[in-house]
Amino acid sequence: MSLEVGIVGLPNVGKSTLFNALTAVGAPAENYPFCTIEPNVGVVMVPDPRLDSLEKLVKTEKLIPAAVRIVDIAGLVRGASTGEGLGNKFLSHIREVDAILHVVRCFENADVVHVDGSVDPIRDIETIDIELLLSDLETVGNTVEKVKKQSTHQKELAPTAEVLELCHVALKAGKPVRSLELTAEQQRIVRGYGLITAKKVLYLANVDESDPRGEGPLTERVREHAKKEGSAVVPVCSKLESELAELSKDDQKEMLASMGMTEPALATLAREAYRLLGLMVYYTAGPKEIRAWQIPVGCPAPKAAAAIHTDFEKGFIRAEIYSVEDLEKYKTEAAIRAAGKLRVEGKTYVFQEGDVAHFLFNV
């Protein structure tokens, strides 16, 4: 399962600096608009203390955490939906990702220019939201009437026509598509059109070094805005995180402790981005590798097995399950089995966050 989230925002809000810290790719991060023209892509390993516990108790050759692909998309400006600042090209990149990380500037710095001349996070959010909404409105407006006409002769298109009309009405009212209560089938139809405002959003408040926890008034305004739409906010100081990314683990801990923090903000960001996509992980643990497998929440056992290989789903017989907490308590799988804590589950079992699994299947 390949998952991709896109970092968006106005120019000069810290997107590329944040991307560099996340992925260590080294994308340009200069102090002028449109420094990023083509999207940079990197992979973020999701921090997971349970993997550390498994590694301590199961001898293995390698450790493979869950991952999320991050796309750094060039800054949008007012008028992007009509082509300003290469807007149409940038918007096409956003259509291809699964979710949006919206970076908002929540720091004052006269040396870092703002495209609108002053720092106002809510104005900035609204600028981006309007451009994304207008882009979707154009997409749906060009399609809905055509599909409605076709559906009079092709009855199978009626559900598509219905959901496009719902989206059109919402967008004309200034509401994002994600605000609609759609069925699973309607959501599937919407995904086929790549509507940007249908994607979930996580706000990243880029804060000053003096406020790494985002306790200042600018970040609070973003939190209030996000709360109204049911989104989350992660405060991140991209400059600080860039410095941390270059340090050893021991030096990182020392620097974080000096600032009253226990982990880089990017660890929180990665986990929140992962949860944003409605995912969870389970583990396999053996001498060759310990690995976190990403699956949708509510996944039945055969579908969970398919994350490893489709043959596992086709030939699924049963799964042997225990938890990381069981392993921490009993220390070995043999001891877990002897204590009667190793569960044998069939096709109807729904995987839980943190399950450790062995699968039995027919070839």
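Conventions adopted
Residue numbers here run from 1 along each chain, matching the order of that chain's written sequence. With the structure being a predicted model, the display of local features is reserved for residues of pLDDT at least 70 and the display and counting of side-chain atom pairs for 80 or more, all residues being used for whole-chain, interface and lining totals. Only hydrogens and water are set aside when side-chain values are computed; all heavy atoms of the structure are taken into account. Each nonpolar core is a collection of buried residues, namely Ala, Val, Leu, Ile, Met, Phe, Trp, Tyr and Cys, held together in the definition by side-chain atoms within 4.5 Å. Categorising residues by exposure relies on relative accessible area from a 1.4 Å probe, with only protein chains included: less than 20% of the type maximum marks a residue as buried, more than 50% marks it as exposed, and the intermediate range marks it as partly exposed. Note on definitions: a residue-residue contact is assigned when non-hydrogen atoms from the two residues lie within 4.5 Å. We count a stretch as a helix when DSSP gives it H or I for four or more residues in a row; a strand needs E for two or more, and each element gets its number in order from the N terminus. Here an axis means a line fitted to C-alpha atoms, over the contact stretch when the element is a helix, while the angle between two N-to-C directions is reported on a 0 to 180 degree scale. Any angle from 65 to 115 degrees is called roughly perpendicular, while one under 35 is roughly parallel, one over 145 is roughly antiparallel, and all others are oblique. A crossing counts as left-handed when the near helix is turned anticlockwise from the far one by less than a right angle, and as right-handed when that turn is clockwise. Three residue categories are used. Nonpolar comprises Ala, Val, Leu, Ile, Met, Phe, Trp, Tyr, Cys and Pro, charged comprises Asp, Glu, Lys and Arg, and polar comprises the others, including Gly. Strand pairing is assigned whenever DSSP detects at least two bridges linking the two strands.

Visitor: So what's going on with the nonpolar core? Residues and values would help.
Guide: Core analysis: the largest hydrophobic core is formed by 71 residues, its most contacted members being I70, L101 and L269. With residues near it in sequence (within four places) discarded, L101 still touches V5, G6, I7, V8, I70, L202, L204, L269 and A273. Formed by 16 residues, the second largest nonpolar core is a distinct cluster that contains A301, A304, A305 and A319.

Visitor: Which residues make up unusual backbone geometry, and what are the values?
Guide: A positive phi angle, close to 80°, is found at K331, a residue other than glycine. Looking at the secondary structure, you find K331 in the loop between α14 (324-330) and α15 (333-338).

Visitor: Help me get a handle on the packing of helix α5 (residues 144-151) against helix α6 (residues 158-172), residues and values and all.
Guide: Taken N-terminus to C-terminus, the directions of α5 and α6 make an angle of 150°; their axes are 9 Å apart at the nearest point. For the element pair α5 / α6, the angle class is roughly antiparallel. Handedness of the α5/α6 crossing: left-handed. Counted together, V144, V147, K148 and S151 of α5 and A158, T160, A161, L164, E165 and H168 of α6 form the full contact between these two elements. Here the contact of α5 with α6 is built from residues that sort into 5 nonpolar, 3 polar and 2 charged.

Visitor: Explain the pairing of strand β8 (residues 279-285) to me, and be specific about the residues and the numbers.
Guide: Side chains on a regular strand alternate between the two faces of the sheet. Among the 7 residues that make up β8, 7 are buried, leaving the element largely enclosed by the rest of the structure. Of the two faces of β8, the one holding L279, V281, Y283 and A285 and the one holding M280, Y282 and T284 are both buried throughout. For β8 and strand β9 (residues 290-296), the ladder comprises 7 bridges, and the chain directions are antiparallel. Of the residues in β9, the one forming a bridge with A285 is I290. Turn length for the β8-β9 hairpin, with the two strands adjacent in sequence and antiparallel, is 4 residues.

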